[in-house]
Amino acid sequence: MNPKFFCGSAAHRLNRRGFLGAAAAAGVAADMTGLSVLGSPALAADLRRTNKRVILLWLAGGASQLETFDPKPGATTGGPFRAIQTDVPGTQISELMPKMATRMKDVCLVRGLNTRNGDHGSGAKLMMRGRRDEANLRYPDLGAVVAREMGRPDSQVPDYVTFYTQTEGRGMAPGDSGFLGARYAPMELTTNNTPEFIRRLDSISETDHRERAELRDMLGRDFVRGRTSDTLGSHAEAYGRVRGIMGSERLFDVSQESQATRDKYGPTQFGQQALIARRLVEAGVPFVRVARAWWDSHGQNFETHQEMVPELDHVMATLIDDLKERGLRDDVMVITLAEFGRTPGINASLGRDHFAAAWSMTMTGANAKGGAVWGRTDPRGNTVTHEEVNAANLFATIYAALGINPHKNYYVGSRPIPLVDPGADPIAALIK
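What this report covers is the structure whose coordinates are included nearby. Everything numeric here is computed off the predicted structure, so don't read it as measured data.

Definitions and limits used
Residues numbered from 1 in each chain as written. Predicted model: local features only at pLDDT ≥ 70, side-chain atom pairs only at ≥ 80, totals over all residues. Heavy atoms only, no water. Helix = DSSP H or I, 4+ residues; strand = E, 2+ residues; numbered from the N terminus. Buried < 20%, exposed > 50% of the residue type's maximum accessible area, 1.4 Å probe, protein only. Contact = heavy atoms within 4.5 Å. Areas by Shrake-Rupley, 256 points an atom, 1.4 Å probe, with all protein chains shown as cover. Phe/Tyr/Trp six-rings, centres within 6.5 Å; stacked < 30°, edge-to-face > 60°. Salt bridge = Lys/Arg side-chain N within 4 Å of Asp/Glu carboxyl O. Polar contact = N/O pair within 3.5 Å; in protein donor to acceptor, adjacent residues only side chain to side chain. Expected span 1.5 Å × (residues − 1). Core = buried A, V, L, I, M, F, W, Y, C linked by side-chain atoms within 4.5 Å. Axes fitted to C-alpha atoms, helices over the stretch in contact; angles between N-to-C directions. Parallel < 35°, antiparallel > 145°, perpendicular 65-115°, else oblique. Left-handed = near helix turned anticlockwise from the far one by under 90°. Nonpolar A, V, L, I, M, F, W, Y, C, P; charged D, E, K, R; others polar.

Considering the overall build of the chain
Line of reasoning, step 1. Scanning the chain for helices and strands turns up 11 helices and 16 strands.
Line of reasoning, step 2. Looking at the chain as a whole, 56% of its 432 residues qualify as buried.
Line of reasoning, step 3. Of the contacts made within the chain by residues no fewer than 6 positions apart, 75% connect residues no fewer than 24 positions apart.
Line of reasoning, step 4. Accessible surface for the chain amounts to roughly 17500 Å². Of this, 51% is attributable to carbon and sulfur atoms.

So this is what it looks like as C-alpha cells:
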C-alpha cells in the first residue's frame, strides 16, 4: 500500500498500515490527533441522515461502450456483435450481456458521458474524483468521500476497501483520500483477497494480545478519570476500531458463504471479489471498489470483449440479484465506471483506442432510478447528441442519489471546498 499523508501536516503523517501495525503490535499510544474530527456534531448529524453504501465495479483500462451498453449494430463502427432488446422498452444493449438485458429495469444507464480526457492516468483520477486536482490541493476520490459521509466513528469494519489484483493499470488508478487524510484512505488489497496486515503478529500470542488490550483499557480508564477531552475520546474510538478491524478478517473469507452462493458468483477472481464486496457492505463498509483489468483493447478488441463482457454480465447480474434478495437494493449502489470508453473507429489491429467523447456508465440501487437512460449518441457513436454529461455532473448525481448534498463544503484550513465543481448540478431525472 502506498503511503498517503494528510495535506503535508506532521500531525497527520500516519498511514493506515502503519497505524494498524503500530497499534496492534505495541498496544501503546500513537499519534491519532486527526481522528478528533470524528467527534464533531456536524459529522454525527450527517451520519444519522443516511446509511447508503457503494460497490464500484471499476473496468480498468476502459471497456468499450459499443460492446456493452451502447451498441451500434449495422454501423461501420458497430463491430460484429448484435444488439438485443432489454426489459426496458426501446433500450438495447450488446448481445454479450444477455443476463443484464433482463435486469435493465433496475439499472440507471448514462450513455452521454463526455469527459474530455483519454489518458489512463489523469482520466482515472478524474473519474475517481469527479474533478481535476489543483496545483496545491489533492481532492479525495469517491470512496474517501463516501467513507467520510457514511462511515461511523464506532464502526468495527473498514470504511473504504479496494481490490485491484491485476498489475495492468493499477498504479494509474489508486484510491486516494486527498485532503481528507489517512483516516479515509483505502485498505488496498493487491495480492490476495484477505488483508494480511490486520492479522495479529505471530510473535504475539492471543493471550498476550488480549492482556495488552485489557491493560490499555485499565490504564486508559484511570487516565481519563476526572478529565474531559475530545482527543481522549478519539483515542479510545481509534483503539476500538483497530480491534474491530483486526476481527473483521472473516468478512473477506468467502468460505463463510454457502456453496450455492459461491457457485452463483462463479469461480473467477472478479466474481469472488464481488461476493466479498457484498459481504463487506452488508457488514456496514461504506465503499468497496472491485477493479477488473485490463480492458485496454488497442488490438483484438472483439476477442477481448468476447471474453470479458460475459464475465461482467454474469458478475454484475449476480451481484444485483443478491443485493435485492437480501433487501439491500435501496441501500447499496452498484456502479460500473472506467477512466473512459473506446473509439467507435476500429484500427488496423482490429482494436479500439482511448475515447472519452461519448461513452457509458451505470448506477444500480440506492436512489438511482431504475430503467432510466440518459444521453444519446449519433448512429456511429462518435458524439453525444442529447443530454451530455461531464464528470462533475455525474458525481453530483451520484452524491445526490446517495443522499449526500453535492453542494456542501469541506474545509481546508478556512478555505471552503465544494464537494463538486461549482455550477455542477445533479441530473434530477436519474434520481428517485
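After presenting the structure, the write-up continues.
Section: the packing of aromatic side chains
Line of reasoning, step 1. Applying the stated rule across the entire model yields 6 aromatic pairs.
Line of reasoning, step 2. On the basis of an interplanar angle of 70° and a centroid distance of 6.2 Å, the ring pair of tyrosine 139 and phenylalanine 179 is categorised as edge-to-face. In this pair, tyrosine 139 is assigned in the loop between α4 (120–129) and α5 (142–150) and phenylalanine 179 in the loop between β5 (160–163) and β6 (187–189), connecting sequence segments 40 residues apart. Residues tyrosine 139 and phenylalanine 179 agree in their burial class; the two are buried.
Line of reasoning, step 3. When the ring of tyrosine 160 is compared with that of phenylalanine 287, the centres are 5.2 Å apart and the planes differ by 85°; the resulting orientation is edge-to-face.

A word on the pattern of salt bridges
Line of reasoning, step 1. Scanning the model with the defined rule gives 29 salt bridges in all.
Line of reasoning, step 2. In this structure, the salt-bridge partner of arginine 131 is aspartate 421, at a minimum N-O distance of 3.1 Å. Residue arginine 131 is located in the loop between α4 and α5, and its partner aspartate 421 is located in the segment after β16 (415–418); the two are separated by 290 residues in the primary sequence.
Line of reasoning, step 3. In this structure arginine 131 comes out as buried when scored by relative accessible area, which is 5%.

Comments concerning α4
Line of reasoning, step 1. Along α4, 8 of the 10 residues are buried, which leaves the element largely enclosed by surrounding structure.
Line of reasoning, step 2. The set of residues buried in α4 consists of His120, Gly121, Gly123, Ala124, Leu126, Met127, Met128 and Arg129.
Line of reasoning, step 3. Residue aspartate 119 occupies the N-cap position of α4, its side-chain oxygen lying 3.1 Å from the main-chain nitrogen of glycine 121.
Line of reasoning, step 4. Within two residues after α4, glycine 130 carries a phi angle of roughly 80°, on the positive side.

Re helix α9 (residues 269–282)
Line of reasoning, step 1. Across its 14 residues, α9 extends 20 Å between first and last C-alpha, which sits within 8% of the 20 Å expected from 1.5 Å per residue.
Line of reasoning, step 2. Among the 14 residues that make up α9, 12 are buried, leaving the element largely enclosed by the rest of the structure.
Line of reasoning, step 3. All of the buried residues in α9 are Phe270, Gly271, Gln272, Gln273, Ala274, Leu275, Ile276, Ala277, Arg278, Arg279, Leu280 and Val281.
Line of reasoning, step 4. Buried positions along α9 lie against β1 (53–60), β5, α8 (259–265), β7 (287–293), α10 (301–325) and β8 (332–337).
Line of reasoning, step 5. At the exit of α9 stands glycine 284, carrying a positive phi of roughly 110°.

Some remarks on the side chain of histidine 305
Line of reasoning, step 1. With respect to the helices and strands, the residue histidine 305 is situated in helix α10.
Line of reasoning, step 2. A polar atom in the side chain of histidine 305 sits 2.9 Å from the backbone nitrogen of serine 64.
Line of reasoning, step 3. Excluding residues that lie within four positions of it along the chain, histidine 305 makes contacts with Ala63, Ser64, Glu67, Leu96, Trp295, Ser297, Pro310 and Arg342.

A short note on the nonpolar core
Line of reasoning, step 1. Counting residues in each nonpolar core, the largest one holds 110 residues, and the members touching the most others are Trp58, Met333, Ile335 and Met363.
Line of reasoning, step 2. No other element matches α10, which puts 10 residues into this core.

Focus: the environment of proline 140
Line of reasoning, step 1. Mapped onto the fold, proline 140 is located in the loop between α4 and α5.
Line of reasoning, step 2. Here proline 140 falls in the buried class, since its relative accessible area comes to 6%.
Line of reasoning, step 3. Taking the C-alpha atoms as reference points, proline 140 and glycine 130, separated by 10 residues in sequence, lie 9.4 Å from one another.
Line of reasoning, step 4. For proline 140, the residues in contact, after removing those within four places along its chain, are Arg129, Val145, Asp176, Ser177, Gly178, Phe179 and Leu180.

Some points on the packing of α9 against α10
Line of reasoning, step 1. Where α9 contacts α10, the axes come no closer than 10 Å and their chain directions differ by 20°. Taken together, the axis directions place α9 and α10 in an arrangement best described as roughly parallel. The interaxial crossing formed by α9 with α10 has right-handed handedness. On α10, the residues that touch Phe270, Gly271, Ala274, Leu275, Arg278 and Val281 of α9 are Glu311, Leu312, Val315, Leu319, Asp322 and Leu323.
Line of reasoning, step 2. Classifying every residue of the contact of α9 with α10 gives 8 nonpolar, 1 polar and 3 charged.

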